[in-house]
Amino acid sequence: MASYVARAETPKANSKRSKITVTQKRWLLSAHLLFVTAWLGTSFCVLAFNITALFTSDPHLLNTISVFTGSLDQTVSRIGAGGTGLTGILLAVLTQWGLLRFYWLNLKEIVSILCVTIDLIVIRWNEQLISLSSSLGPHVLSNPAYLTNRTLLLIGVLFKIVALAGVIAVSIFKPWGQRKAASQRKVLPAS
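1. Some details on the confidence of the model for the chain
Note that predicted coordinates carrying low pLDDT should not be read in detail. Mean pLDDT over the chain works out to 87, with 85% of the residues at or above the 70 mark. Between the elements of the chain, mean pLDDT differs from a low of 43, seen in helix 1 (residues 2–8), to a high of 96, seen in helix 3 (residues 22–54). Here residues 1–15 scores under 50 on pLDDT; set against residues more than four positions off or in separate chains, the count is 10 contacts.

Now the structure itself:
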């Protein structure tokens, strides 16, 4: 069994799993990093807009912030998330990593799906903020629904930033190693 494991980890065995050249992998990884940067950068911009909204009472500025935030979420954030997902899957499938072979990669996949879900929820909260800030005018800050949505949106954006930063750290450190194959998990009877 030890010889099987040693053979599976040799470069020759890994090269059979890779379906693209080193140059192709570098281009794909570059695209992946570009999309991740767009997704995380958009989250920081949305956070900056929402922090600005905490310190103003101007209803027109509050509505403008919500509109700009919605525009970023609907365009750049979606492109960043979609591109990150697509290039991540391609990197996993076309290289030695595989989709389910490593615990750290499984964590990245789960957290990325969670971040996309948070994006979809944040977009709904922001749409409600746009509606409330345009209809309530100067009384917007006295409306509990507006204040609740603004707080939830801020918490959602902060969580997404922390989660994406965590995914980047996991990508760099690659903790936990490789999952065992089904044949390795079976306990052999003692002879």
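Structure's up, so let's keep going.
2. Quick look at the packing of helix 3 against helix 6 (residues 144–173)
A pair of packed helices is characterised by two quantities: the angle between their axes and the separation of those axes. In the contact formed by helix 3 and helix 6, the axes pass within 10 Å of each other and the chain directions differ by 150°. When the interaxial angle is binned, helix 3 and helix 6 end up roughly antiparallel. Viewed along their axes, helix 3 and helix 6 form a crossing whose handedness is left-handed. Here V36, W39, L40, S43, F44, V46, L47, N50, A53 and L54 of helix 3 come into contact with helix 6, specifically with R150, L153, L154, V157, L158, K160, I161, L164 and I168. When grouped by side-chain class, the residues that make up the contact of helix 3 with helix 6 number 15 nonpolar, two polar and two charged.

3. What about the environment of D58?
One can find D58 in the loop between helix 3 and helix 4 (59–94). In this structure, the C-alpha to C-alpha distance between D58 and L141, residues 83 residues apart in sequence, is 9.3 Å. At 3.1 Å, the side chain of D58 forms a polar contact with the backbone nitrogen of H60.

4. What about the pattern of salt bridges?
This model, assessed by the stated rule, comprises one salt bridge. A salt bridge links D119 to K160; its shortest N-O distance comes to 2.3 Å. Of this pair, D119 sits in helix 5 (residues 103–136) while K160 sits in helix 6, and the two are 41 residues apart along the sequence. In this structure D119 comes out as buried when scored by relative accessible area, which is 8%.

5. Details of the nonpolar core
In terms of nonpolar packing, the biggest core is built from 24 residues, with C115, Y146 and V157 touching the most fellow members. Broken down by secondary-structure element, the contributors of at least two residues to this core are helix 3, helix 4, helix 5 and helix 6. A total of eight residues in this core trace back to one element, the largest contributor, which is helix 6. One finds F102, W104, L105 and V170 within the second-largest nonpolar core, a separate group that totals five residues.

Definitions and cut-offs
Residues numbered from 1 in each chain as written. Predicted model: local features only at pLDDT ≥ 70, side-chain atom pairs only at ≥ 80, totals over all residues. Heavy atoms only, no water. pLDDT = per-residue confidence, 0-100. Helix = DSSP H or I, 4+ residues; strand = E, 2+ residues; numbered from the N terminus. Contact = heavy atoms within 4.5 Å. Axes fitted to C-alpha atoms, helices over the stretch in contact; angles between N-to-C directions. Parallel < 35°, antiparallel > 145°, perpendicular 65-115°, else oblique. Left-handed = near helix turned anticlockwise from the far one by under 90°. Nonpolar A, V, L, I, M, F, W, Y, C, P; charged D, E, K, R; others polar. Polar contact = N/O pair within 3.5 Å; in protein donor to acceptor, adjacent residues only side chain to side chain. Salt bridge = Lys/Arg side-chain N within 4 Å of Asp/Glu carboxyl O. Buried < 20%, exposed > 50% of the residue type's maximum accessible area, 1.4 Å probe, protein only. Core = buried A, V, L, I, M, F, W, Y, C linked by side-chain atoms within 4.5 Å.

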